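Listed below, chain by chain, are the residues.
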Amino acid sequence: MRKRIIAGNWKMYKTAEEAEKFAEEVKGKLPVSDRVEAIVCAPALYLTKLVELTEGSALNIGAQTMHSEKEGAFTGEVSPAMLKSVGVNYVVLGHSERREYYNETDQTVNEKVHAAFEYGLTPIVCVGETLEERESHTTVEKVSHQVKEAFKEVDGTNVKNAVIAYEPIWAIGTGKTATADDANEVCKAVRETVGELYGEEVADAVRIQYGGSVNPGNVEELLSKEHIDGALVGGASLEPASFIKLIEAGANE
Ligand code: 13P
């Protein structure tokens with residue numbers, strides 16, 4: 001059985017004090033469970049401190065983006081080697097907000113996926129369609145294409161350990177969630193795409209999250225679906241009580 005993976009994506013929220021308070025409050029209250037992995041993807045500025053604060057707890061810390069190069073003249077960027085050096089093990093790549101506002105393309109996402117594996121980071125690779133694409137019934141085509149591009153020339157043994165987050169863009173921060181069945185359908189298509197590329201064993205192992213207005217009220221139904229192995233959560237990951245509820249839901253059979 002695939003271990004669930006539920007990750008908060010804080011985006012550009014919280015002061016240092018608020019971030020630390022969250023970690024202090026949450027770390028002792030998460031269920032210690034083989035069924036679920038709990039992660040918070042925080043602003044880069046707080047990663048060192050959060051890793052320190054959560055050491056030995058069930059709360060893992062991830063980054064929200066990174067550069068693909070080890071080092072270089074890239075003002076303002078954070079490298080995979082830097083993330084690794086502060087004890088970060090997860091990184092969100094290709095979030096739709098990065099693709100829309102910061103010129104991330106399928107190609108840069110692919111470069112970053114390669115870099116993540118090179119440095120021993122688990123990438124959480126985001127894919128998803130716009131409302132227009134959904135309405136013109138090209139969701140599966142779009143998402144499969146993004147998966148193929150993101151994992152181009154990546155070794156199957158690495159893909160097994162990757163996480164793919166299916167986040168329909170129209171469902172992000174809007175309160176509109178895909179129905180659990182619709183989300184499952186697309187996650188199934190993602191798994192089939194991985195299967196076409198890498199075979200059944202890798203497709204069975206890869207973990208697929210749903211993201212887009214997930215909250216404690218809808219997470220259980222989403223997690224009950226065959227192809228949904230977790231969630232990538234924005235707004236509802238910001239408050240300790242809500243985040244804990246999400247992880248508790250993930251720990252249930
Ligand atoms: P919301 O949960 O706020 O809709 O955000 C989803 C998201 O973009 C997570 O990466």
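For the structure, see preceding data.
Rules used throughout
- All chains use their own residue numbering, which begins from 1 and follows the written sequence.
- Predicted model: local features are reported for residues with pLDDT of at least 70 only, side-chain atom pairs are reported and counted for 80 or more only, and whole-chain, interface and lining totals are derived from all residues.
- Side-chain descriptors were evaluated using all non-hydrogen atoms of the structure, hydrogens and water having been removed beforehand.
- Under the scheme used here, helices are H or I runs from DSSP no shorter than 4 residues and strands are E runs no shorter than 2 residues, and both carry numbers assigned from the N terminus.
- Each helix should span, by expectation, one fewer than its residue count multiplied by 1.5 Å.
- Only protein chains enter the area calculation, which uses a 1.4 Å probe; residues under 20% of their type maximum are buried, those over 50% are exposed, and those in between are partly exposed.
- This arc corresponds to the set of directions leading from the helix axis out to the C-beta atoms.
- When at least one non-hydrogen atom of a residue lies within 4 Å of a molecule or strand, that residue is treated as near it.
- N or O atoms closer than or at 3.5 Å make up a polar contact, with two conditions inside protein: a donor-capable atom paired with an acceptor-capable one, and, for residues adjacent in sequence, both atoms drawn from side chains.
- Note on areas: Shrake-Rupley, 1.4 Å probe, and residue coverage restricted to the protein chains presented here.
- Paired strands, in this sense, are two strands between which DSSP finds at least two bridges.
- By definition in these notes, contact holds between two residues if any of their heavy atoms fall within 4.5 Å.
- Ring geometry is summarised as follows: Phe, Tyr and Trp rings, the Trp one being its six-membered ring, pair when their centres sit within 6.5 Å, and such pairs are stacked at plane angles under 30 degrees, edge-to-face over 60 and tilted between the two.
- Here an angle of 0 to 180 degrees is reported between the N-to-C directions of two axes, which are lines fitted to C-alpha atoms, with helices fitted over the stretch in contact.
- An angle counts as roughly parallel when it lies under 35 degrees, as roughly antiparallel when it exceeds 145, as roughly perpendicular when it falls between 65 and 115, and as oblique in every other case.
- Residues are grouped as follows: nonpolar covers Ala, Val, Leu, Ile, Met, Phe, Trp, Tyr, Cys and Pro; charged covers Asp, Glu, Lys and Arg; every other residue, Gly included, is treated as polar.

### Digging into helix α7 (residues 139–150)
Helix length check: α7 (12 residues) gives 16 Å between terminal C-alpha atoms against 16 Å at 1.5 Å per residue, within 8%. What α7 keeps buried is the set T139, V143, S144, Q146, V147 and A150. All buried residues of α7 fall inside an arc of 160° around its axis, so they share one side.

### Quick word on the site of the ligand
Neighbouring residues of the ligand: 13 residues in total, closest K11, H95, G173, S213 and G234. One of the side-chain N or O atoms of K11 is found 2.8 Å from an oxygen atom in the ligand. A distance of 2.9 Å separates an oxygen atom of the ligand from a polar side-chain atom of E167. When isolated, the ligand has an accessible area of 310 Å², and the protein chains bury 95% of it.

### Overview of the pairing of strand β8 (residues 230–233)
Consecutive residues of a regular strand have side chains that alternate between opposite faces of the sheet. Burial of the side chains of β8 extends over both faces: G230 and L232 are buried on one face and A231 and V233 on the other. As judged from the 4 bridges shared by strand β1 (residues 4–9) and β8, these two strands associate in the parallel manner. Residue pairing for β8: I5 is matched across the bridge by G230. The pairing of strand β7 (residues 207–211) with β8 spans 3 bridges and is parallel. Within the sheet, the bridge partner assigned to Q209 lies in β8 and is G230.

### Considering the environment of E226
Its place among the elements puts E226 in the loop between α11 (219–223) and β8. A C-alpha to C-alpha distance of 9.5 Å links E226 and E185, two positions 41 residues apart in sequence. With residues near it in sequence (within four places) discarded, E226 still touches R2 and N184.

### Details of the packing of aromatic side chains
Inspection of every chain in the model, using the stated rule, returns 4 aromatic pairs. Their ring planes at 85° and their centres at 4.8 Å tell us that W10 and F22 sit as a pair that is edge-to-face. Of the two residues, W10 is situated in the loop between β1 and α1 (16–27) and F22 in helix α1; the sequence distance between them amounts to 12 residues. Considered together, W10 and F22 belong to a single accessibility category, that of buried residues. Note on Y101 and Y102: the rings are 6.4 Å apart at their centroids and 85° apart in plane angle, and the pair reads as edge-to-face.

### Considerations on the packing of helix α5 (residues 106–118) against α7
Contact geometry for α5 and α7: axes closest at 8 Å, N-to-C directions at 45°. Classified by the angle between their axes, α5 and α7 sit oblique to one another. Contacts between α5 and α7 pair D106, V109, N110 and V113 from the former with H145, Q146, E149 and A150 from the latter. Its residues assigned to classes, the contact of α5 with α7 comprises 3 nonpolar, 3 polar and 2 charged.

### Comments concerning the side chain of D229
As for its position among the elements, D229 is in the loop between α11 and β8. With relative accessibility at 5%, the residue D229 sits in the buried group. Side-chain polar atoms of D229 contact the side chain of R191, separated by 2.8 Å. Contacts of D229, omitting those with residues within four sequence positions, involve R2, K3, R4, I5, R191, V206, R207, I208 and L223.

### Here's the deal with the pairing of strand β5 (residues 122–127)
Most of β5 sits inside the fold, with 6 of its 6 residues counted as buried. Burial along β5 is two-sided: T122, I124 and C126 and P123, V125 and V127, pointing in opposite directions, are all buried. In this sheet, β5 lies alongside strand β4 (residues 90–93) in parallel orientation, the contact comprising 4 bridges. Of the residues in β5, the one forming a bridge with Y90 is T122. Alignment of β5 against strand β6 (residues 163–166), held across 4 bridges, turns out to be parallel. Bridge pairing in β6 places C126 opposite A165.

### Some details on unusual backbone geometry
Look at E153: it is not a glycine, yet its phi comes out positive at around 60°. One can find E153 in the loop between α7 and α8 (156–159). For S213, which is not glycine, the phi torsion reads 55° and is therefore positive. Topologically, S213 is positioned in the loop between β7 and α11. For S213, a relative accessible area of 17% gives the class buried.

Bear in mind that shape data such as this cannot, by itself, settle questions of function.
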